[in-house]
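# Coordinate inspection notes
Given next are the chains, with one letter for each unit.
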Protein chains: 2
Amino acid sequence: MAATLVDLLISARWIIPIIPRGKVFEDCTVVIDQGKIVALLPTIEATRKYNGQEHTHLEQHVLLPGLVNAHGHAAMTLLRGYADDLPLHTWLEKHIWPTEAQWISSDFVRDGTELAIAEMLRSGTTCFSDMYFFPDTVAETVNHTGIRSQIAFPVFDFPSAWGRGPEDYIHKGLQLHDDHKDRDLIRIAFGPHAPYSLSTEPMEKIATYAEELDACIQIHLHETEQEIADHISAHGNRPIERLVDIGLMSPLTQCVHMTQINDQDIATLVEHNANVVHCPNSNLKLASGFSPIAEFLNNGINVALGTDGAASNNSLNMFNEINTAALVAKAVAGNASTMNAHEALEMATINGAKAMGWDDHIGSIEAGKSADIIAVSMGAIESEPLYNLPSQLVYTHAGSQVSHAWVNGTALMVDRQLQTLNEHEILTKTRQWQKQLSS
Amino acid sequence: MAATLVDLLISARWIIPIIPRGKVFEDCTVVIDQGKIVALLPTIEATRKYNGQEHTHLEQHVLLPGLVNAHGHAAMTLLRGYADDLPLHTWLEKHIWPTEAQWISSDFVRDGTELAIAEMLRSGTTCFSDMYFFPDTVAETVNHTGIRSQIAFPVFDFPSAWGRGPEDYIHKGLQLHDDHKDRDLIRIAFGPHAPYSLSTEPMEKIATYAEELDACIQIHLHETEQEIADHISAHGNRPIERLVDIGLMSPLTQCVHMTQINDQDIATLVEHNANVVHCPNSNLKLASGFSPIAEFLNNGINVALGTDGAASNNSLNMFNEINTAALVAKAVAGNASTMNAHEALEMATINGAKAMGWDDHIGSIEAGKSADIIAVSMGAIESEPLYNLPSQLVYTHAGSQVSHAWVNGTALMVDRQLQTLNEHEILTKTRQWQKQLSS
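Definitions and limits used
Residues numbered from 1 in each chain as written. Chains lettered and ligands numbered in written order. Predicted model: local features only at pLDDT ≥ 70, side-chain atom pairs only at ≥ 80, totals over all residues. Heavy atoms only, no water. Phe/Tyr/Trp six-rings, centres within 6.5 Å; stacked < 30°, edge-to-face > 60°. Buried < 20%, exposed > 50% of the residue type's maximum accessible area, 1.4 Å probe, protein only. Helix = DSSP H or I, 4+ residues; strand = E, 2+ residues; numbered from the N terminus. Lys NZ or Arg CZ within 6 Å of the ring centre and 35° of its normal. Pairing = 2+ DSSP bridges. Contact = heavy atoms within 4.5 Å. Buried area = accessible area lost by both parts, 1.4 Å probe. Salt bridge = Lys/Arg side-chain N within 4 Å of Asp/Glu carboxyl O. Polar contact = N/O pair within 3.5 Å; in protein donor to acceptor, adjacent residues only side chain to side chain. Nonpolar A, V, L, I, M, F, W, Y, C, P; charged D, E, K, R; others polar. Least-squares fit on C-alpha atoms with pLDDT ≥ 70 in both. Domains from an automatic or database assignment.

For the rest of this paragraph, the subject is the packing of aromatic side chains. All chains considered together, the criterion is met by 19 aromatic pairs over all chains. An angle of 70° between the planes, with centres 5.0 Å apart, marks the rings of Tyr132(A) and Phe133(A) as edge-to-face. Taken individually, Tyr132(A) and Phe133(A) each receive the classification buried, so the pair is uniform in this respect. For the pair Tyr387(A) and Tyr82(B), a centre-to-centre distance of 5.0 Å together with 85° between the ring planes defines the contact as edge-to-face. With Tyr387(A) in the loop between strand E13 (373-377) and helix H15 (389-395) and Tyr82(B) in the loop between strand E5 (67-69) and helix H2 (88-103), this residue pair bridges two chains. Here the guanidinium or amino end of Arg148(A) rests over the ring plane of Trp358(A), the centre of that ring lying 5.2 Å away.

Structure, rendered in structure tokens:
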């Protein structure tokens, strides 16, 4: 029987497919054609059955589904380290917002997003959620770099360089949704910024439109104690309760941060089958609080993982986020068995895909899914000895060992060389912005 | 006036000397002769006054004093990932101790310590504290690699491959101290393992000898809630109170972990001017608890930083430890200004030196101190833009960007190439041990 010709074979020493749960395959090959995973087989069998136009051999590497960074503000990478060691509201109101008011433009967003995508690919992220001004520019940038993205267009009460106010933001966002409804790599979501920055009426509109379009909603929620206290003063209830009244809590909803949680909040999340996006490094750095991850998981709530923007992290490396998430979940629960290494990897892959309603396409290495895959090199001093591969990935900060990244079967990084982005140009532009913003 | 001939000039784009506090120098040069720092000057001035036998130019790098890893068990790097996601006592009693009982030998310690030193140098540590069996083998290994070390010989109630019991351990340790009393790179300290693993009588002996020899004492202390509860049941007081009674609390004492702390414990630390060694990643991973770092700092207690062993971390990268320490201190204190980036760098340098009584020699880049220096390359995507250098080092996991390391002016790593260790041989031996331990 003749071998079937396909676009690409990737043979690796190890594969962690994420589904089935907890598995590590050795000496297997991912068979890829027309951007999709055709099969995952022992290499001996794969090479008998398939011929690849291209065949990549990775002898000391592990393949994983590309990581899903479920919350961020990509362009803010140009503000990495701009204002550190400050509490959330001082940081936002005295530093970030005034700087943004002065500098944000489509150019800023394009250059910042390119820098972010370069950093994300270099650390294994192949799909990211974004919430920032000029989401049309983000979409263009995503398109030409070939990465995958959920772009949540932002809606606030206040005007910005991108729009005049809530109505204008929603109008522009709906147009953007329409422009991208047939794009494979981009999904447009609604980004009502937060209960403290957006009024009830536009949130009600968003709830209606999102349901109609079956589009996701991402919102900053229960990030700090102050947010809860202010909301109770102003509205007489907790933010999540108002969202329920508005009709904004559903399986399409991605609740970002969620550090201030009581039993009723958990029940609400369960009842509405809403998703949590956990951003542990940002929550720690801004001293926002500790998210009760064990309780979320024990209640069957889907928890995805995000880096937040580089201005409050200061890194977009999802392996660092995985590490912090796993460590802090244990300490908060007082139980070292909480969030084991496999669960931590799921949070950064399939759970992110689920939160975005994209788990039929990405989040695991399975036949039928898109070939969004990364390779991590395991041969260095820092990774040896190697008793337990998932453990090594989660607890040793493996981000700088990511060697390859593919999206839809297209190589976006090969041996740490980006294929669709020019690092030198990105650095030059970044330094120009730095000069301007420091002046 | 003719220029003075010296051994080495290191010119760098930036230098963070740690002392004076909070400074970042640009375009300066460290002048080194006979292992000591002679001067730190603007490069223009340095090159007019001094001629280096060797002159290293680092144009996109920052120089820092070599990092001080104040607590670890180097040879346990051979057990990296051997047993994860388990609570401390299960992990120790069911996994680590039985494995050690079966496998520990001088060979194991030599090979594991070499692996650890390679990893530490590659991530910027030039001085580490060790507490493990066969400290004589550790000393030999430290010697031939040229790194600096405080070797705390362990004392437990139970026998091991290295000795028959407390008396034998103390006897061997005193001999070791005597053998190394004139060594520049090695200081021998006392390592009474913990209040739960060593009886009162040998601890009293250690207190007497340590005072006599002016040698440091390192002890695991107040690591878990269970330790405190068990101690109260057995002795009627908290572990630190028994140490006071024994005479073991002094400025020579390094109290490792200290996650279970009340006001009286703080007062005791202050009264005896004892040091805390904080190991945040290990404490989180074993769910031991949160150390109240802000309270320690507010009370003027010296807090050093350690990775603990790779079996409970699973990395010896001090930049990861710095990051976790800074982030978690903020969240625990509920204050994002707690432990700013400069304080985090101090904890990993001068505070570690102080804890070991070595701050007259190391911990900062100052004239008269030993030339223990590292260079970190800042040119990559992950480090840009660069508004705030200390912030970038603390919050972006810069460990893999460490390019050079010198101890006493001798280069131990140049452009990430280790000079006194063979990485290939280390990896081969590591994999042999892995096979044996997995069989």
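There is more to say after this.
In this section: the sheet that holds strand E2 (residues 25-33) of chain A. Residue and element names in this part refer to chain A. One open sheet holds the eight strands; their spatial order is E3-E2-E1-E4-E13-E14-E15-E16, and the pairing between them is mixed. Of all strands in the sheet, those with a lone pairing partner are strand E3 (36-42) and strand E16 (417-418), marking the two edges. Where strand E14 (residues 402-407) lies against strand E15 (residues 410-414), three bridges are found, and the strand directions are antiparallel. For Ala 405, the partnering residue across the bridge sits in E15 and is Met 413.

Time to look at the interface of chain B and chain A. Taken together, the contacts link 62 residues of chain B with 62 residues of chain A. In terms of surface lost to chain A, no three residues of chain B exceed Asp85(B), Ile381(B) and Tyr387(B), which account for 17% of the buried area on that side. Between chain B and chain A we count six salt bridges in total. Measuring nitrogen to oxygen at the nearest pair gives 2.7 Å for the salt bridge that ties Glu382(B) to Arg122(A). On inspection of chain B and its partner chain A, the count reaches 25 residue pairs in polar contact (both at pLDDT 80 or more). Secondary-structure elements contributing two or more residues to the side of chain B that touches chain A are helix H3 (106-122), helix H10 (280-285), helix H12 (318-333), helix H15 (389-395) and helix H16 (423-438) of chain B. The biggest single contributor to the side of chain B that touches chain A is H16(B), with nine residues. Tallied by class, residues from the side of chain B that touches chain A come to 28 nonpolar, 22 polar and twelve charged.

Between chain B and chain A, the superposition needs a rotation of 180° and an axial shift of 0.0 Å, giving an RMSD of 0.0 Å. Each copy turns onto its partner about a two-fold axis. A shared binding surface is used by both copies, with 100% of the interface residues of chain B retained as interface residues in chain A.

Moving on, we get to the side chain of Asp85(B). One can find Asp85(B) in the loop between E5 and H2. Within polar-contact distance, the side chain of Asp85(B) engages the side chain of Tyr395(A) at 2.3 Å.

Next up on the list: the sheet that holds strand E14 (residues 402-407) of chain B. Residues and elements named next belong to chain B. Strand order in the open sheet formed by eight strands is E3-E2-E1-E4-E13-E14-E15-E16, and the pairing between neighbours is mixed. At either end of the open sheet lies a strand with only one pairing partner, and these are strand E3 (36-42) and strand E16 (417-418). Two elements, strand E15 (residues 410-414) and E16, share two bridges in a ladder whose sense is antiparallel. Counted as the bridge partner of Met 413 is Leu 418 from E16.

On to the domain arrangement of chain A, then. Residue and element names in this part refer to chain A. Its domain assignment divides chain A into domain 1 (4-65 + 363-408) and domain 2 (67-355). The C-alpha centroid of domain 2 is placed 29 Å from the C-alpha centroid of domain 1. Listed by partner, the interface residues are 31 residues for domain 1 and 30 residues for domain 2. For the pair domain 1 and domain 2, the summed buried surface comes to about 2,200 Å²; carbon and sulfur atoms form 63% of the total. Where domain 1 packs against domain 2, one counts two salt bridges. Residues Arg 148 and Asp 372 are paired through a salt bridge, measuring 2.6 Å at the closest nitrogen-oxygen approach. Taken together, the links from domain 1 to domain 2 amount to twelve residue pairs in polar contact (both at pLDDT 80 or more). Broken down by secondary-structure element, the contributors of at least two residues to the side of domain 1 that touches domain 2 are strand E4 (50-65), E13, H15 and E14. Examining the composition of the side of domain 1 that touches domain 2, we find that five residues originate from one element, H15, more than from any other.

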